[in-house]
Each structure stands twice: as C-alpha cells, then as structure tokens.
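Summary of structural features
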Amino acid sequence: ETIIATRNGTFVQDSVNQDTSTTQITSEVVFVGWVDPLAQTFLCDEDGGAFITKVDLYFAFKDANLPIIVQIRNVVNGYPGKKILAFGQKTLESSEVNTSQDATSATTFTFNSPIFLKQGQEYCIVAMTQSLNYKMWISELGLQDIGGSRNVSEQPHLGVLFKSQNNSTWNAVQSQ
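Chains are numbered independently. Their residues run from 1 in the order of the written sequence. At least 70 in pLDDT is required for a residue's local features to be given in this predicted model, at least 80 for side-chain atom pairs to be given and counted, and no such filter applies to totals for whole chains, interfaces and linings, which use all residues. Remark: hydrogens and water are excluded; side-chain values derive from all non-hydrogen atoms of the structure.

**Points about the overall build of the protein**
- Helix and strand definitions here come from DSSP, where helices need a minimum of 4 consecutive H or I residues and strands a minimum of 2 consecutive E residues; each element is numbered from the N-terminal end. Secondary structure assignment for the protein yields zero helices and nine strands.
- Along the protein, from the amino end to the carboxyl end, the secondary structure elements read β-β-β-β-β-β-β-β-β.
- Accessible area is worked out with a 1.4 Å probe on protein chains only. A residue is then buried under 20% of its type maximum, exposed over 50%, and partly exposed in between. Within the span of the protein, comprising 176 residues, buried residues form 32% of the whole.
- Any two residues having at least one pair of non-hydrogen atoms within 4.5 Å are treated as being in contact. Put simply, 75% of the contacts in the protein that link residues at least 6 apart link residues at least 24 apart.
- Working note: accessible area of the protein is about 11,800 Å², and carbon and sulfur atoms make up 48% of it. We get accessible surface area from the Shrake-Rupley algorithm with a probe of 1.4 Å; when it comes to residues, only the shown protein chains can shield them.

**Section: the sheet that holds strand β4 (residues 79-92)**
- Strands are treated as partners if at least two bridges between them are detected by DSSP. Here six strands make up an open sheet; going across it, the order is β4-β3-β6-β1-β8-β9 and the pairing antiparallel. Edge strands, defined here as strands with exactly one partner in the open sheet, are β4 and β9 (170-173). Sheet twist, expressed as the average angle between the axes of neighbouring strands with direction ignored, equals 30°.
- The pairing of strand β3 (residues 68-76) with strand β6 (residues 122-128) spans six bridges and is antiparallel. The residue bridging Gln-71 from the neighbouring strand is Val-126, located in β6. Convention adopted: a line fitted to C-alpha atoms gives each axis, helices being fitted over their contacting stretch, and angles between N-to-C directions are expressed from 0 to 180 degrees.

**As for the packing of aromatic side chains**
- In this analysis, rings of Phe, Tyr and Trp, with Trp reduced to its six-membered ring, are considered paired at centre separations within 6.5 Å, and the interplanar angle assigns stacked below 30 degrees, edge-to-face beyond 60, and tilted for intermediate values. Tallied over the entire structure, the rule returns five aromatic pairs.
- Ring plane angle 55° and centroid distance 5.3 Å describe the contact between Tyr-79 and Phe-162, whose orientation is recorded as tilted. With Tyr-79 in strand β4 and Phe-162 in strand β8 (residues 161-164), the pair connects residues that are 83 residues apart, well separated along the chain.

**A short note on the sheet that holds strand β7 (residues 135-136)**
- Read across the open sheet, the three strands follow the order β5-β2-β7; overall the sheet is antiparallel. At either end of the open sheet lies a strand with only one pairing partner, and these are β5 (106-117) and β7.

**Some details on the nonpolar core**
- Counting 20 residues, the largest nonpolar core has Leu-57, Phe-59, Val-70, Ile-72, Phe-109, Ile-115 and Leu-117 as the members making the most contacts within it.
- Of all the elements in the fold, those that place two or more residues in this core are β2 (50-61), β3, β4, β5 and β6.
- At five residues, the largest contribution of residues to this core is made by β2.
- Residues in contact with Leu-117, not counting those within four places in the same chain, are Phe-42, Cys-44, Gly-49, Ala-50, Ile-52, Ile-72, Leu-85 and Tyr-123.
- Note on terminology: a nonpolar core comprises buried Ala, Val, Leu, Ile, Met, Phe, Trp, Tyr and Cys residues joined through side-chain atoms within 4.5 Å. With seven residues, the next largest nonpolar core counts Val-75, Val-126, Val-160 and Phe-162 among its residues.

**Considering the environment of Phe-116**
- Along the chain, Phe-116 turns up in strand β5.
- In sequence terms Phe-116 and Gly-49 are 67 residues apart; their C-alpha atoms lie 7.1 Å from each other.

**A closer look at unusual backbone geometry**
- Positive phi outside glycine occurs at Asn-77, with the angle close to 55°.
- Note on placement: Asn-77 falls in the loop between β3 and β4.
- Take Asn-77: its relative accessible area is 76%, and that puts it in the exposed class.
- The phi torsion at Asn-167 lies on the positive side, around 65°, for a residue other than glycine.
- Tracing the chain through its elements places Asn-167 in the loop between β8 and β9.

**Quick look at the confidence of the model for the protein**
- When the pLDDT values of the protein are averaged, the result is 83; 82% of them are 70 or greater.
- The predictor attaches a confidence to each residue, and that confidence, scored 0 to 100, is pLDDT. This model gives residues 25-32 a pLDDT under 50, and the stretch forms nine contacts once residues within four places in sequence are excluded.

Now the structure itself:
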C-alpha cells in the first residue's frame, strides 16, 4: 500500500570545523506494554481526498502528569488497524489538555504536518495513554446530551466507536 504524505521542507545551515561536531538526538514516546485506547472511525468522502491538520477532543478529567497520544490510523475490515498514517501522531502533556464538566472546552491536537486522507477510505482517530485518569466525553443513543436540552436520537456520523483492552482486540460499541 502506498501512503501519500507531504510537508514543507526545513533548511538548516550549520557551520562546522575540524574541532567541533554537532549531534542532535530526538526521542519519541513509545508505549511499552498494552494500553486501553478508544478509537472512532470516519470516512473521507471529499472529492480527491483531504488534508487534515488537527483533531478536537473533549475531556472531563485528565492525569496530573502523564501525557495522552492521538493517532490517525488505517481501518482494516471495519476495525482499527495498527498502521499510523505519516505524521499522524501527536502527544500532548497533561498541562496542555483542557477539561470541562459540560463538554464545552475542546483540546486541540494539531499535527506537525498535514495528513492526507484518500477519498473513499475509512480511517480512525485513536486516543491512548498509560493513565487511568483520562475521561473523554462521548454521546450515547437514547440519552440526553450533557446540557439536558436534547436527546441523542441518531448517529450523527457514519463511524463507529471502538474500545480495546490491549490495543489489539477491538470491541465495537454501536450505541456510542
């Protein structure tokens, strides 16, 4: 499979001499062991595809110290896959996460480069952390919204919410 990714080039000019060397080490958060992520599938139905740059999620609670990661992944046979799209991962520290008791304050995960989505392809947003303290707002069919002003009477989007206990086996929740 070919994944199309693009971003602006960065030009850096460094002066060096025989006595000096420069080394840059970058690190990435890597989850060791299993995590319990949430995933929401969606379909790209834009003519010719689309670029996405950010995702808004709504949190009720967060951890005091541990970060949260959001990924844009492929979907395989209707289930979240393991392939993360190019530039499709963003980590936010706890201090960067907004919380609200009425789902009015979004936390924006802005990716480092635009992510290209192919027309007619299904993708998913995956949120995961090592903490048990993060709680996200979701809606459930048949219940009132948090403001109590309306019932959630239909799926607003064509995607499905998935829960996992190990980031490998996914359970679809059709009513959320």
